[in-house]
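Fold and contact review
So the chains spell out like this:
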Amino acid sequence: MADAPALELRGITKRFGTLVANNAVDFELRRGEIHALLGENGAGKSTLMNVLYGLHQPDEGQILLDGQPVTIDSPRRAIGLGIGMVHQHFMLVPVMTVAENLVLGAEPRSGPLLDYKTATRRVRELSSEYGLAVDPDAKVEDIGVGTQQRVEILRALFRGAKVLVLDEPTAVLTAQEAQDLFKVLRTLTAAGTSVVFISHKLNEVLDIADRVTVLRRGEKVDTVSTEGATERSLAGLMVGRDVLLRVEKTEQKLGEPLLELEGVSAVDDRGLPAVNDVTLRVRAGEIVGLAGVDANGQSELIETIMGLRAPTAGTITAAGVDVTHAGPRETLNAGVSHIAEDRHRRGLVLEFDLAENLCLREYKTPAFSSRGFLSPSKMVARARTLLKEFDVRGGDPETRAGSLSGGNQQKVVIARELTADPKVIIAAQPTRGLDVGAIEFVHRRLVEERDAGKGVLLVSLELEEIRSLSDRVLVIYEGRIVAELPPESSEEDFGVYMTGGGRDERAA
Amino acid sequence: MSAPPDSELPPNITVASRMATFFRGGGILAPLITILVAFLAGGLVVLATGHNPIETYQAIFKGSGFNWFFPWLSEDDRIIAALNLQQTLILTTPLILTGLAVAFAFRCGLFNIGGQGQYILGSIFAVWVGSSFDGMPALLHVLVAMLAGVLAGAVWAGIAGLLKALAGTNEVISTIMLNWIAIWTGVWIFNLGSPLQNDNPDQVDVPVSNDIVEGAKLPVFWGDPQLQGLHIGIFIALAALVVFWVLLNRTTLGYEVRAVGFNPDAAEASGINVRRNYVMVMAICGAFAGLGGALDLLGWQFRIATNDIQTHTLAFFGIAVALLGRNTAIGTLLGALLFAGLLTGTSVRNLDPTVFEPQLATNLTYMIQGLVVLLISTDVLVVYLLRRRRRK
């Protein structure tokens, strides 16, 4: 059976109630291949892989490993069959060392105790075998995200994985870390391991995968070779129509400054400096991108602007109003809108219905209340208009926000923030977790606001997004603005500044 | 992604959103099952003491007076049932109000265990005002005494809200401590030689307050005023339920309260003053509980003795009432009726001692109350499991 594919899924159908998550999906993974699984959010990628990993039982269909039909009723069984899965959220114990984490569940013992020496030896063997450098004695809480992911991969290999499933592995990585990961994956496949690579990022898929299977609404659209495929062709398969990948922008018409930060500093929740002497200016009619690796002070900076965190130094002016010491309400009223980086935490009240969520900024205005009494009918009527205008699907004004999909939730946030007719828009990670269609929508709206003479501060971890939307880009590193670059600069140039390099030649 | 979207929970899960998730999942069925399980467990205990659980529950039901609603009741039975039902409804009144004191806090994500102290403060001020100012016009006197109780409860609970807003003090701890301060303040203030001890020469050595003057008493509209008939406080409690619903669902204040309860971070980001809400909500809770204390005093107790304060646990039932009633107006009413019926039905006066000793039966009521709280608390476990599953 040497020619049989490493893994074959035949006609997998999985239903949740009336929802068909997978409809007769076929999937074939050749030995030593990197096969990408591409699809919008909710296309059924994760369901398919959960079926493979024994977390769901398929209603119909068959799984074949090396040509042999198998039944996988639990993750334990999947591991036993040589299927390893690296989840988006790592399943490591932070206080334990790399070696301890690696052998967890299959510990080499001496008597009743863990044979730590054997464990570290096994880690060294494995990491040299696959070229995955890790320090077995380091504690997981002390190592970076990229290394943690490597530990996860090593753990799967340690358990004898021949088929490795990676669920959106680059979502948490920087560009450089992602490149490192790709190197590792190529080494692995050269050694005969087969890899399933789940993603909705087109450029990555083209970069790393040999073949791509595209899912749309639970059905397999096609399996194509990446050779000859383009981002455009893949996006078309994914969404089922032509997608504008590049944002079309008109000539810039710059106006007066709308958001000005002068020497702003702030501390994080532990009282440590998070924002250091930030000076920046956003003018009417421009999108200023703020690029940076996660946790370099972006969140604290946004909170400081929005009045959610008190600055320790500096001044903030929004639309001509000094909002340095203003609370959230005053800042919003000054004409600032805030698309929160975490819509579940700051953007929405998930237990509220859509009408209530859409009024979060304006429930106290005469339009929706009088003398302290709400007017639910007005709230619902307005919500109906907005849901239509912003093309929010899957709910009416009385639907709970929590039951919408991520993309539609984001549309609700954007609808609320843009209809407040702001002068300044702080867009933090506005497309996080969204699929291609929704991303296109968000990008188009932001550019429209720019063209209408608003000032937009775009904070994102996606360099690609920053580069394609921004008129100019600031790079933040450890709470400081370390560079201003034109968006056309190369990814490498950005990478250097984003990781703290090149500070001597720092731009003014 | 593939998980049903309803399992989606905010990252910063609050008490209120957790309960909302749980209640949505359980529908109307969950509280019914809770009651059923609690009664079954209670029945097993009755069985263990060598009595017949079905007969016991029947006797408790009879003792509660709810059989008054049965059209087939004989004339004589109906007279007794009416007396029993009056007692049940007298207890329903404070239970609704202490239930609301807990429910309103829950909707803002706060756990108010201080209903007891707020109730005591309300009753102290009501008895003080109600036993003074003899000769004041009756309606005015009642209103002023009630208002005193309401304000006292509001201020008392407001302290806990203020502590939370200014210093981040956990309201569970501060309200429990305020309970004890209220209890011992009450014990002291009516004690021998203390400011509010009665000035009746025949009762110099009795640690009890003055009596409420006739003009400040709430009128009795059903039954004999001499035999503790039903006073109009029940209508005030019912009105409080309406106020609660309107406040929560139809005012900007209620909108803020619910937003803060479900997601304080989002509320803050959209400009709602979260801290001010904590103080307001606690004060309103205290107002409900304080009103409960005032109505009891002005309606049927008419005086406070120090040992009443120490042994009084009615306000704690408010927690079970609110939990069982899912923090809604109608649920609180039903929960209050249930527990009032149980308390009355198992009281020494109402339970047929040949079926089950009332002393034991009262404990049965406490056990059922405890089980209700315990069973509803398991939602923590449910949500925890749900989240674990989602992470996989």
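Just so it is clear, the structure is predicted and the values come from calculations on it, not from any experiment.

A look at the overall build of chain A
The helix and strand inventory of chain A stands at 17 helices and 24 strands. Taken over C-alpha atoms, the radius of gyration comes to 25 Å for chain A, in line with the 23 Å a tight globule of 508 residues would show. Looking at chain A as a whole, 47% of its 508 residues are labelled buried. Restricting the contact set of chain A to residue pairs at least 6 apart, pairs at least 24 apart contribute 67%.

Notes on the overall build of chain B
Of the regular secondary structure elements, chain B holds 16 helices and 2 strands. Buried residues in chain B amount to 52% of all 392 residues.

Digging into the confidence of the model for chain A
Per-residue confidence for chain A averages 87 on the pLDDT scale, and 96% of its residues sit at or above 70. Confidence drops under pLDDT 50 across residues 504-508 of chain A; counting only partners more than four residues distant or on other chains, this segment forms 4 contacts.

With respect to helix α8 (residues 231-239) of chain A
Working note: α-helix, 3.6 residues per turn, so residues spaced by three or four point in the same direction. Residue and element names in this part refer to chain A. Along α8, the residues classified as buried are Leu234, Ala235 and Met238. With its buried residues spanning 100° around the axis, α8 presents them on a single face. Just beyond α8, the residue with positive phi is Gly240, at close to 85°.

Things to note about the pairing of strand β13 (residues 257-267) of chain A
Residues and elements named next belong to chain A. The pairing of β13 with strand β14 (residues 273-283) spans 7 bridges and is classified as antiparallel. The residue of β14 that forms the bridge with Ala266 is Val275. Connecting the antiparallel pair β13 and β14 is a turn made up of 5 residues, with Gly271 showing a positive phi of about 85°. Pairing of β13 with strand β16 (residues 313-318) involves 5 bridges; the strand directions are antiparallel. What sits directly across from Leu259, in β16, is Ala318.

Here we look at the sheet that holds β16 of chain A
Residue and element names in this part refer to chain A. Taken together, the 4 strands give an open sheet; going across it, the order is β14-β13-β16-β17, and neighbouring strands pair in antiparallel fashion. Two strands in the sheet have a free side with no partner beyond their single neighbour: β14 and β17 (321-322). Here β16 pairs with β17 via 2 bridges, running antiparallel. Bridged to Thr317 within β17 is Asp322. Against the sheet, helix α9 (residues 298-305) engages β13, β14 and β16, with an angle of about 60° to β14.

A few points about the UniProt feature "transmembrane region" (unreviewed entry) in chain B
Residue and element names in this part refer to chain B. In this structure's numbering, the residues bearing the UniProt feature "transmembrane region" (unreviewed entry) are residues 28-48, 88-107, 138-160, 172-190, 229-248, 278-302, 314-344 and 364-386. A distance of 27 Å separates the end C-alpha atoms of residues 88-107, which is 100% helix and 0% strand. Spanning residues 278-302, this segment combines 96% helix with 0% strand, and its end C-alpha atoms are found 33 Å apart.

Quick word on the nonpolar core
Generally speaking, soluble globular proteins have nonpolar side chains that are buried together. The biggest cluster of nonpolar side chains holds 260 residues, and the ones touching the most others in it are Ile426, Leu458 and Val475 of chain A together with Val281, Phe288 and Leu298 of chain B. Per-element accounting of this core gives the leading share, 17 residues, to helix α11 (residues 274-301) of chain B. Once you skip the residues sitting within four places of it in the chain, Ile426 of chain A turns out to touch Ile302, Ile305, Met306, Val336, Ser337, His338, Ile339 and Leu457 of chain A.

Description of the packing of helix α4 (residues 75-107) of chain B against α11 of chain B
How two helices sit against one another is set out by the angle between their axes and by the gap between those axes. Residues and elements named next belong to chain B. Contact geometry for α4 and α11: axes closest at 7 Å, N-to-C directions at 170°. Compared by their axis directions, α4 and α11 come out roughly antiparallel. Side by side, α4 and α11 meet where Ile90, Thr93, Pro94, Leu97, Thr98, Leu100, Ala101, Phe104 and Ala105 of the first sit next to Val281, Met282, Ile284, Cys285, Gly286, Phe288, Ala289, Leu291, Gly292, Leu295, Asp296 and Trp300 of the second.

Some words on helix α6 (residues 175-190) of chain A
Residues and elements named next belong to chain A. The end-to-end C-alpha separation of α6 is 23 Å, in line with the 22 Å expected for 16 residues at 1.5 Å each. For α6, every residue scored as buried is listed here: Glu177, Leu181, Leu185 and Leu188. Looking down the long axis of α6, one finds its buried residues gathered within 85° of arc, a one-sided arrangement. Along its buried surface, α6 packs onto β3 (34-39), α4 (116-130), α5 (145-158), β9 (163-167), β10 (194-199) and α7 (202-208). Positive phi shows up at Gly192, right after α6, with a value of about 105°.

Overview of the confidence of the model for chain B
Residue and element names in this part refer to chain B. This prediction gives chain B a mean pLDDT of 87; 90% of its residues lie at or above 70. Of the regions scoring below 50 in pLDDT, residues 1-11 engages in 26 contacts with residues more than four places distant in sequence or in other chains. Interface confidence for the predicted complex, expressed as ipTM, amounts to 0.82; the pTM equals 0.76.

Some thoughts on unusual backbone geometry
Positioned with a positive phi, Ala24 of chain A is a non-glycine residue whose angle comes to about 45°. Note that Ala24 of chain A resides in strand β2 (residues 19-29). Residue Ala24 of chain A is classed as partly exposed on the basis of its 14 C-beta neighbours within 10 Å. Phi is positive for Asn327 of chain B, close to 60°, though the residue is something other than glycine.

Considerations on the packing of helix α3 (residues 53-64) of chain B against helix α14 (residues 329-345) of chain B
Residue and element names in this part refer to chain B. As a packed pair, α3 and α14 sit with axes 7 Å apart at the nearest point and diverge in direction by 105°. What the angle tells us is that α3 and α14 run roughly perpendicular. On α14, the residues that touch Ile60, Phe61, Gly63 and Ser64 of α3 are Gly341, Leu342, Thr344 and Gly345.

Observations concerning the environment of Ala41 of chain B
Looking at the element boundaries, Ala41 of chain B is found in helix α2 (residues 29-48). Remark: the alpha-carbon pair of Ala41 of chain B and Leu371 of chain B, spanning 330 residues in sequence, is separated by 8.5 Å.

As for the environment of Gly255 of chain A
All names here are of chain A. Structurally, Gly255 is set in the loop between α8 and β13. Given 13 C-beta atoms within 10 Å, Gly255 falls into the partly exposed group. Each C-alpha atom, one on Gly255 and one on Ala4, is 64 Å from the other, the two residues being 251 residues apart in sequence. The residues touching Gly255, leaving out its near neighbours within four places in the chain, are Arg283, Ala284, Gly285 and Gly453.

Quick word on the pairing of strand β11 (residues 211-216) of chain A
Every other side chain in a regular strand lies on the same face of the sheet, so the side chains alternate between the two faces. Residue and element names in this part refer to chain A. Here 5 bridges tie β3 to β11, and the two strands are oriented parallel to one another. Counterpart to Leu38 in the pairing with β11 is Val214. If you look at the hairpin formed by β11 and strand β12 (residues 219-225), you'll find 2 residues sitting between the two strands, and Arg217 has a positive phi there, around 50°.

Points about the sheet that holds β2 of chain A
Residue and element names in this part refer to chain A. Taken in spatial order, the 4 strands make up an open sheet running β2-β1-β4-β5, and their pairing is antiparallel. Strand pairing shows two members of the sheet lacking a second neighbour, β2 and β5 (68-70), which therefore form its edges. If you compare each strand with its neighbour and ignore which way they point, the axes differ by 30° on average. Alignment of strand β1 (residues 7-16) against strand β4 (residues 60-65), held across 5 bridges, turns out to be antiparallel. Note on β4: the bridge partner recorded for Arg10 is Gln62.

Digging into the environment of Glu398 of chain A
Inspection of the secondary structure puts Glu398 of chain A in the loop between α13 (376-389) and α14 (406-419). If we skip the residues at most four places from it in the chain, Glu398 of chain A touches Asp353 and Ala355 of chain A.

Scoring rules and cut-offs
Residues numbered from 1 in each chain as written. Chains lettered and ligands numbered in written order. Predicted model: local features only at pLDDT ≥ 70, side-chain atom pairs only at ≥ 80, totals over all residues. Helix = DSSP H or I, 4+ residues; strand = E, 2+ residues; numbered from the N terminus. Rg over C-alpha atoms; globule rule 2.2 N^0.38 Å. Buried ≥ 20, exposed ≤ 12 C-beta atoms within 10 Å, placed from the backbone. Contact = placed C-beta atoms within 7 Å. pLDDT = per-residue confidence, 0-100. Arc of directions from axis to C-beta. Pairing = 2+ DSSP bridges. Axes fitted to C-alpha atoms, helices over the stretch in contact; angles between N-to-C directions. UniProt positions renumbered as here; feature names shortened; annotations may be inferred. Core = buried A, V, L, I, M, F, W, Y, C linked by C-beta atoms within 7 Å. Parallel < 35°, antiparallel > 145°, perpendicular 65-115°, else oblique. Expected span 1.5 Å × (residues − 1).

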